[in-house]
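# Architecture at a glance
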Amino acid sequence: CRTEHIIMLIRLNNISPKTNKKEIRSLFESYGRVKSIIKSSRHYYVRMPHMHSAKLAIKKLNGMRWKGQTLVVKRAELNNQSPVCLTQIGVLRLL
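We now turn to the structure provided with this report. Nothing here was measured: the structure is a model prediction, and the numbers come from that model.

### Digging into the overall build of the protein
Tallying secondary structure elements over the protein gives two helices and eight strands in all. Starting at the N terminus, the α and β elements of the protein follow one another as β-α-β-β-α-β-β-β-β-β. For the protein, the proportion of its 95 residues judged to be buried stands at 41%. Counting only carbon and sulfur atoms, one obtains 50% of the accessible surface of the protein, whose full area is about 6,100 Å².

Printed below as a string of structure tokens:
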């Protein structure tokens, strides 16, 4: 995918169950624009439209203590451990 069209999907684990999407958005927007927050049963996904901002957020937030928890922040991966990028047409693997 072309880098200007990539939306990086970030997986956020080990987060307090009392945390809401607004708080997560605020946390990640310190590093750049957030397109959306998706909550699954065990973790959150954060969609950021700029690769550089997303990489910076991952670097700065992974391992950070926040609301009594040590955050685990990584690029979302498919089952074969390939990083994920999203485009207007769906999910693609980055090589």
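### Some details on the side chain of His43
Topologically, His43 is positioned in the loop between strand 2 (36-39) and strand 3 (44-48). Reaching out from His43, the side chain makes a polar contact with the side chain of Arg11 at a distance of 3.2 Å. In contact with His43, other than residues within four places in its own chain, are Arg11, Leu12, Asn13 and Ile38.

### A closer look at the environment of Met64
As for its position among the elements, Met64 is in the loop between helix 2 (51-61) and strand 4 (65-66). Accessibility expressed as a relative area gives 27% for Met64, which makes it partly exposed.

### Section: helix 2
Looking at helix 2, one finds that the buried residues are Met51, Ser53, Ala54, Ala57, Ile58 and Leu61. Angularly, the buried residues of helix 2 cover 165° about the axis, an arc narrow enough to put them on a single face. For helix 2, the exposed residues lying more than 90 degrees away from the buried face are His52 and Lys59. Buried residues in helix 2 make contact with strand 1 (7-13), helix 1 (21-29), strand 3 and strand 6 (72-75).

### Some words on the pairing of strand 2
Where a strand is regular, its side chains alternate between the two sheet faces. One ladder, built from four bridges, connects strand 2 with strand 3; its direction is antiparallel. Residue pairing across strands places Ser36 opposite Arg47, the latter belonging to strand 3.

### Focus: the nonpolar core
If you look at the biggest cluster of nonpolar residues, it comprises 20 residues, and the most contacted ones within it are Ile10, Leu12, Ile24, Phe28, Val46, Met48 and Val73. Only strand 1, helix 1, strand 3 and helix 2 provide two or more residues apiece to this core. Among the elements that line this core, the one with the most residues is helix 2, at five residues.

What counts, and where the lines are drawn
- Residues numbered from 1 in each chain as written.
- Predicted model: local features only at pLDDT ≥ 70, side-chain atom pairs only at ≥ 80, totals over all residues.
- Heavy atoms only, no water.
- Helix = DSSP H or I, 4+ residues; strand = E, 2+ residues; numbered from the N terminus.
- Buried < 20%, exposed > 50% of the residue type's maximum accessible area, 1.4 Å probe, protein only.
- Areas by Shrake-Rupley, 256 points an atom, 1.4 Å probe, with all protein chains shown as cover.
- Polar contact = N/O pair within 3.5 Å; in protein donor to acceptor, adjacent residues only side chain to side chain.
- Contact = heavy atoms within 4.5 Å.
- Arc of directions from axis to C-beta.
- Pairing = 2+ DSSP bridges.
- Core = buried A, V, L, I, M, F, W, Y, C linked by side-chain atoms within 4.5 Å.

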